[in-house]
Amino acid sequence: MHIIIGGTGHVGSATARALLRRGEPVTVVTRNAGHAADLRNAGAKVAVADVRDVPALRAILRTGTTALLLNPPAAPFTDTDAVERANAAAIVDAVTGSGLRKAVAVSTFGARPGEPCGDLTVLFEFEEKLRAQAIPVAVNRGAYYMSNWAEMLDTVRHRGKLPSFFPADAAIPMVAPSDLGEAAAGRLMEPADQADIRYIEGPRRYTPRDVADAFAHALGRPVDVEVIPRHAWEQTFRQLGFSAEAARSYACMTGTVLDEQDRWPDTPVRGPTTLEDFIHGVLDRRQGN
């Protein structure tokens, strides 16, 4: 049995569906069973637990042989670093004594030690604490999620502009959640001793202008890139409802994407989903096609 923590999120649900397509048994862990109705209908079992409830989470993990360990993102109006560190600590505690044969941890490009910088440091600490456990833990570091752009569909549709914290022609690694799910499913099914760190990216690197062009093609209207200058990043996050702490963290992560391109891997695992196909898929789902 494969246990998927965060099983109703973008990557967790994609992993669950990839495993189900392979005929594998899956249990998705969620705080709200209603959010997992589609996965239940697809053949998954559903377990309800909060990741902070260590005894309940450990009991669920003991029913499986492998697990996808995904640290749920904190609500942006909170101190996201503090909340996510507490979530990660609870997940690590639950893994202790769980009897799992293998786990796969979901992490991110740029994960690193050092001064707090949102997911980059939170997930690095998560990786390190998990890899110190007795069970083998493989790590998948994903590129910038294409789904982050999907949240701007309504703005793009109504204004014809794509807001971007990145310069219009900055090519950055991006990946579709479905490709992350396929990669995670494959790793859960690999032998336990295959527990290295892998980087997962899409077919090529894309710019915000490429994103705007993909929206333009899907919507049948021109779309321009509206670049938010660096000095306005924190203020913009605050205007979007982020706490002061979260705004600083997200600004740090955004700057790292631009400033540390020399740390991007040369030979990532490349998923097949193009940005254009992803954007068209988002529009089709919103329109009920």
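The structure this text deals with has already been given above.
In this report, we go over the structure that sits alongside the text. Note that the structure is a prediction, hence the values are computed from the model and not measured.

This next bit is on the overall build of the chain. Counting its secondary structure elements, the chain contains twelve helices and twelve strands. Here the C-alpha radius of gyration of the chain, 19 Å, is about what a compact globule of 289 residues would show, namely 19 Å. By its C-alpha atoms, the chain is 55 × 45 × 35 Å across when sized along the principal axes. When each of the 289 residues of the chain is scored for burial, the buried share is 52%. Within the chain, contacts between residues separated by at least 24 positions form 74% of all contacts whose residues are at least 6 apart in sequence. In the structure as shown, the chain presents an accessible area of about 12,900 Å², 50% of it carried by carbon and sulfur atoms. Seen as two clouds, the 32 positive and the 35 negative side-chain charges of the chain have centres 4 Å apart.

The next thing to look at is the pattern of salt bridges. Here the idea is simple: oppositely charged side chains can pair when their charged atoms come close. Following the criterion strictly, the structure yields 19 salt bridges and no others. In this structure, lysine 102 and glutamate 190 form a salt bridge, with 4.0 Å as the shortest nitrogen-oxygen distance. Taken as a pair, lysine 102 in strand β5 (residues 102-108) and glutamate 190 in the loop between α8 (177-189) and β10 (197-201) lie far apart in primary sequence, 88 residues in all. We note a salt bridge from glutamate 276 to arginine 204, for which the minimum N-O separation is 4.0 Å. In this pair, glutamate 276 sits in helix α12 (residues 275-286) while arginine 204 sits in the loop between β10 and α9 (208-219), placing the two residues 72 residues apart along the sequence.

With that settled, consider the sheet that holds strand β1 (residues 2-5). As a general point, the strands of a sheet are linked pairwise by backbone hydrogen bonds and lie either parallel or antiparallel. Taken together, the eight strands give an open sheet; going across it, the order is β3-β2-β1-β4-β5-β6-β10-β12, and neighbouring strands pair in parallel fashion. Edge positions in the open sheet fall to β3 (45-48) and β12 (269-270), since each of these has one partner strand only. Where helix α3 (residues 54-61) meets the sheet, its contacts fall on β1, β2 (26-30), β3 and β4 (66-69), and the angle it forms with β1 comes to roughly 150 degrees.

What follows covers the side chain of histidine 2. Here histidine 2 is to be found in strand β1. At 2.7 Å, the side chain of histidine 2 and the side chain of glutamate 24 are in polar contact. Only 2.5 Å separates the side chain of histidine 2 from the side chain of threonine 66, close enough to count as a polar contact.

To continue, consider the pairing of β2. Most of β2 is tucked away: five of the five residues are buried. Side-chain alternation along β2 places Val26, Val28 and Thr30 on one buried face and Thr27 and Val29 on a second face that is also buried. Across four bridges, the pairing between β1 and β2 is parallel. Along β2, the bridge assignment pairs isoleucine 5 with valine 29. Note on the crossover from β1 through helix α1 (residues 10-21) to β2: the handedness is right-handed. Across four bridges, the pairing between β2 and β3 is parallel. Bridge pairing in β3 links valine 28 to valine 46.

Attention now goes to the state of the cysteines. Counted under the stated rule, the structure contains one disulfide. Two residues, cysteine 117 and cysteine 252, share a disulfide whose sulfurs are 2.0 Å apart. Linking cysteine 117 and cysteine 252, the disulfide has an S-S dihedral of approximately -115 degrees and is accordingly described as left-handed. Within this pair, whereas cysteine 117 is found in the loop between β5 and α5 (119-131), its partner cysteine 252 is found in helix α11 (residues 244-259), the two being separated by 135 residues in sequence. The buried category is assigned to cysteine 117, whose relative accessible area is 1%. Taking relative accessible area as the criterion, cysteine 252 reaches 27% and is therefore assigned partly exposed.

About the cut-offs
Residues numbered from 1 in each chain as written. Predicted model: local features only at pLDDT ≥ 70, side-chain atom pairs only at ≥ 80, totals over all residues. Heavy atoms only, no water. Helix = DSSP H or I, 4+ residues; strand = E, 2+ residues; numbered from the N terminus. Rg over C-alpha atoms; globule rule 2.2 N^0.38 Å. Buried < 20%, exposed > 50% of the residue type's maximum accessible area, 1.4 Å probe, protein only. Contact = heavy atoms within 4.5 Å. Areas by Shrake-Rupley, 256 points an atom, 1.4 Å probe, with all protein chains shown as cover. Lys, Arg positive; Asp, Glu negative; His and termini not counted. Charge placed at Lys NZ, Arg CZ, Asp CG, Glu CD. Salt bridge = Lys/Arg side-chain N within 4 Å of Asp/Glu carboxyl O. Pairing = 2+ DSSP bridges. Axes fitted to C-alpha atoms, helices over the stretch in contact; angles between N-to-C directions. Polar contact = N/O pair within 3.5 Å; in protein donor to acceptor, adjacent residues only side chain to side chain. Right-handed = clockwise from strand over helix to strand, strands pointing away. Disulfide = S-S within 2.5 Å.

Any link to function would need more than the numbers given here.
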